[in-house]
Structures are given as C-alpha cells and as structure tokens.
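Remarks on the overall topology
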Amino acid sequence: MGKIKCGVVGVGNCFSGLYQGLHYYREHSEKEVIGLMHQDMASYKTHDIEFVSAFDVSSLKVGKPLSEAVYAKPNMVDWVKVPKSNVIVQESPVLDGVGKYVEELIKPVKNKPMDQLKKDIKKHIEDTGTEIIVSYLPVGSQQAAEFWAQMCLDTNTAFVNCMPVFIASNPAWEKKFREKKVPVIGDDIKGQIGATIVHRVLTRLTRDRGAELDKTYQLNVGGNTDFKNMLERERLESKKVSKTESVQSQLKKRMPDENIHVGPSDFVPFLHNTKICFIYMYGRQWADVPYKLDLKLEVDDKANSAGIVVDAIRAARIAKDRKYGGAIESASAYLMKHPPVQMSDSEARLALEYFIMGKSEKTGQ
Ligand SMILES: NC(=O)c1ccc[n+]([C@@H]2O[C@H](COP(=O)([O-])OP(=O)(O)OC[C@H]3O[C@@H](n4cnc5c(N)ncnc54)[C@H](O)[C@@H]3O)[C@@H](O)[C@H]2O)c1
C-alpha cells in the first residue's frame, strides 16, 4: 500500500505536535506508537502518513518550509527537531480565521484575490497529489471551514475536520460529501485522555450503574493560542454545543440545560500548552442519598489529540480505497466530539473495528 498523502489547513500548535510526533516515531521506528487504536489499521501504519501540502494565513508561516513553519510563533510545541522539508506553506483565504484576541499574534498575508487563491489552491492540491485535508482551523472560523469543505468537494479530497464547525454532522454538508463520494470525518477531535472523553465515560458510568446525575460542570483553562482565541465568546457557540452534547449524549435522559455547564473557561498565559480541566458531578444513589465527584486533569493539549488524528487519517484513507462517500459514522463517533451519530465510546469503537474489517458499521455483517 502506498503513502497517505495529506494536506493541512492551519499550521498551528496541534499540527506542530502531530508533525513533530510523526518525525519522532520515524526516528524511533523500534518504538510502539502510543495513542493509536492499532499500530496497523487495515495495514496502514503511522509511517505511511506524509504531509505533502500545507496552508495557513500567517506571514510567519506562508512561503516558509513546513519544517520551519511548525516552530513559528505563536506555536509553542518544541519537542524534537525535524529535518528540512520541501513542502512550502501556501496562502489560505483569511475569511473569519483570525479572531480579535489573536490579531496581535497572527498577521495574515493577503497577497491574492479570492478567485486567484481558489485556482492556485486547487492546482496545488492536484499537483501535490493531496488526497486528505486535515483542518486545524481556529474555533469560530465558520466561513474558512466551509471554504475548505467546498474545496475538498471540488477536488475529491477527503476531509478530516478536527475543529468545531459542523460539517460531517451537518446534514446538508454531509449529503454533498455523500453525493460526490468523498469521505468526511468530523467534527471536533476528541482527545486521547482529554476532558471530553473522561467526562463522557464518567457520565456513562453513572447511567450504567443506575445512579442519577443531577448537575455537572467541566471547566478548562490553558495558555495557548486556541485558549486565547476562545476568550471571544461569540466564536465559541459551536465549540460549546460540541462539548456539551458530547456529554449529554451519554445520559439516558437529557439533563436540563441549566444543570450542565461545559466549556473552555479562561486563558492563563503561563500554562502554555498545558490544559487543566476541572470536572464536578453531583448525583443521587439509593434512597436519594447524594454523591459528589471532583476531578482535576492536567494534560499536554497537543500530545492529546495527535494520535487520534493519525487514526482519523487512516480511516479516511481506507474509505477512499473503498470509494466510500459521506460521513464515516463509526470513525466520527469514536474519534470526534460532535459526530453525525453519537454512540457510547465502546459501541463506537466496535463499529469502527467493523468498518476497518470492511463489514457493516451497524451490524458487523
Ligand atoms: N486537543 C486539542 O488541542 C484540540 C481538541 C479538539 C479540537 N481542537 C481544535 O483544533 C483547532 C486547532 O487548534 P490549535 O491549538 O492548533 O490552534 P492554533 O491557534 O495554534 O492554530 C491555528 C492555525 O490556523 C491558522 N489560521 C487562521 N486562519 C486561517 C485560515 N483562514 N486559513 C488557514 N489557516 C488559518 C493560524 O495562523 C494558526 O497557524 C482549534 O479549532 C481547536 O479548538 C484542538
């Protein structure tokens, strides 16, 4: 099987972590790759992933080799040094990509008019043989996310949507992908041991053990550009829906909106890429006797999502091999916070195993 030729939109901290990690495992091929569903997914390995194109808006990244751009400010992932790459970061349309809190950190290049940009991006995707686009656009980039979804449709490129604008989970967009037989996985990546998965699993545990959850919150703080950008509450609407529904979906009965609060809460600069999450759960057991849970989770936000994206990329490639179009429901449910169809994490994993084996995701037949 050949390499998996990918492109990235948004050469920010998440991508930097993914890219440096890919290099790390290339250098240490004896090591088992941590953070994956399987080392081999239908015989695709981590090492098969190659980034052949990249798009951003920042004047510190556009026109630079990808191997330099991944360290350009305000990125702050610096785990390993990567060798020089021939891939040059191309200009993407800015649209609504740069929020007011990050304006002083990201100065966009605006060299080309929209028509020219569209033509050049299409040609670049074709010339480089890009077959999957991974989107790491900032929260709140509705127009930019839609531009890239359309670009994938126009170029028959699969789409892995790691950010919380709803594409795979939006029926109108999903239909377009299905009709064009282009695979899409989304939306909003679910970290490996992140706030969402921990909160979901604990919520599911409450249900499975027959207890009643009455109130819960999840507060998150961090110190990178993503958290700074999320200070702009207007950009957060879909992120909040994505995170809240991911937890709500694990309950037997929806909790009243006023009793659940899930969201990013503040920007603490010295935390850099460390994300701290606080989860509180208040419920009742036998004879209405209450219980409380308080949990604090501390993770590197960027190491948390890269392995999941490796699995998403490989699932998209398998779908392409099989000429499958539309949302891959199992991969979206297992790997993303806001999929078209929510499942429990164990059901989603089983459905994805079926998909990998080439069976029906629903029945395993
Ligand atoms: N664990 C995680 O870190 C995690 C989990 C779930 C979702 N996400 C989402 O992934 C996305 C990326 O996160 P990040 O930490 O890398 O963000 P980041 O701010 O570090 O990077 C965003 C990049 O996008 C670029 N950009 C801005 N507008 C653009 C445009 N119009 N076209 C192309 N590029 C543009 C910026 O210059 C920057 O390089 C965010 O939406 C985040 O919420 C991250």
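Rules of the game
- Residues numbered from 1 in each chain as written.
- Predicted model: local features only at pLDDT ≥ 70, side-chain atom pairs only at ≥ 80, totals over all residues.
- Pairing = 2+ DSSP bridges.
- Helix = DSSP H or I, 4+ residues; strand = E, 2+ residues; numbered from the N terminus.
- Axes fitted to C-alpha atoms, helices over the stretch in contact; angles between N-to-C directions.
- Parallel < 35°, antiparallel > 145°, perpendicular 65-115°, else oblique.
- Contact = placed C-beta atoms within 7 Å.
- Nonpolar A, V, L, I, M, F, W, Y, C, P; charged D, E, K, R; others polar.
- Near = placed C-beta within 6 Å.
- Domains from an automatic or database assignment.
- Buried ≥ 20, exposed ≤ 12 C-beta atoms within 10 Å, placed from the backbone.
- Left-handed = near helix turned anticlockwise from the far one by under 90°.

Thoughts on the sheet that holds strand E8 (residues 260-267)
Note: strands within a sheet are paired through backbone hydrogen bonds, in either parallel or antiparallel orientation. Here we have four strands laid out as an open sheet, ordered E8-E7-E9-E10, and mixed in their pairing. The open sheet has two edge strands, E8 and strand E10 (290-300), and neither has a second partner. The average angle at which neighbouring strand axes cross in this sheet is 10 degrees, direction not considered. Pairing geometry for strand E9 (residues 274-284) and E10, over 11 bridges, is antiparallel. In the strand pairing of E10, glycine 283 is matched with tyrosine 291.

A few points about the packing of helix H6 (residues 195-208) against helix H8 (residues 237-248)
Between H6 and H8, the shortest axis-to-axis distance is 8 Å and the interhelical angle comes to 25 degrees. One way to sum up the angle between H6 and H8 is to call them roughly parallel. Residue-level inspection shows Thr196, His199, Arg200 and Thr203 of H6 in contact with H8, the latter providing Lys243, Ser246 and Val247. Among the residues making up the contact of H6 with H8, the classes are represented as one nonpolar, four polar and two charged.

Topic: the site of the ligand
Around the ligand, a shell composed of 37 residues is seen, among which Gly10, Gly12, Cys14, Gly97 and Met163 lie nearest. Secondary structure elements with two or more residues in the shell around the ligand: helix H1 (13-27), strand E2 (49-56), helix H7 (225-229) and helix H9 (303-321). Residue classes in the shell around the ligand are distributed as 19 nonpolar, 13 polar and five charged. Both of domain 1 (4-190 + 303-356) and domain 2 (195-300) provide at least three residues apiece to the shell around the ligand.

Some thoughts on the pairing of E9
In this structure, strand E7 (residues 212-222) lies alongside E9, joined through nine bridges in antiparallel fashion. Across the sheet, glutamate 212 pairs through a bridge with arginine 284, a residue of E9.

Observations regarding the environment of lysine 323
Along the chain, the position of lysine 323 falls in the loop between H9 and strand E11 (326-327). A residue is classified by how many C-beta atoms lie within 10 Å of it, and lysine 323, with 8 of them, is exposed. Sequence separation between lysine 323 and proline 183 is 140 residues; the distance between their C-alpha atoms is 8.4 Å.

Re unusual backbone geometry
Following lysine 73, the chain continues to proline 74 via a peptide bond in cis, the omega torsion being 0 degrees. Looking at where proline 74 falls in the secondary structure, it is placed in the loop between helix H2 (66-69) and strand E3 (90-91). Of the consecutive residues glycine 186 and aspartate 187, the connecting peptide bond is found in the cis state with omega at 5 degrees. Structurally, aspartate 187 can be placed in the loop between strand E6 (183-185) and H6.

Here's the deal with the domain arrangement of the protein
Looking at the assigned domains, one finds that the protein contains domain 1 (4-190 + 303-356) and domain 2 (195-300). Each of domain 1 and domain 2 was reduced to a C-alpha centroid, and the two centroids are 25 Å apart. Between domain 1 and domain 2, the residue contacts involve 26 residues of the former and 27 residues of the latter. In the side of domain 1 that touches domain 2, the residues fall into 12 nonpolar, eight polar and six charged.

What about the packing of H1 against H9?
Contact geometry for H1 and H9: axes closest at 9 Å, N-to-C directions at 65 degrees. Considering their axes alone, H1 and H9 lie roughly perpendicular with respect to each other. Seen from above, H1 lies across H9 with right-handed handedness. Along the contact surface, H1 presents Cys14, Gly17, Leu18 and Gly21, while H9 presents Ala303, Ser305, Ala306 and Val309. When the residues that make up the contact of H1 with H9 are grouped by side-chain class, the tally is five nonpolar, three polar and no charged.

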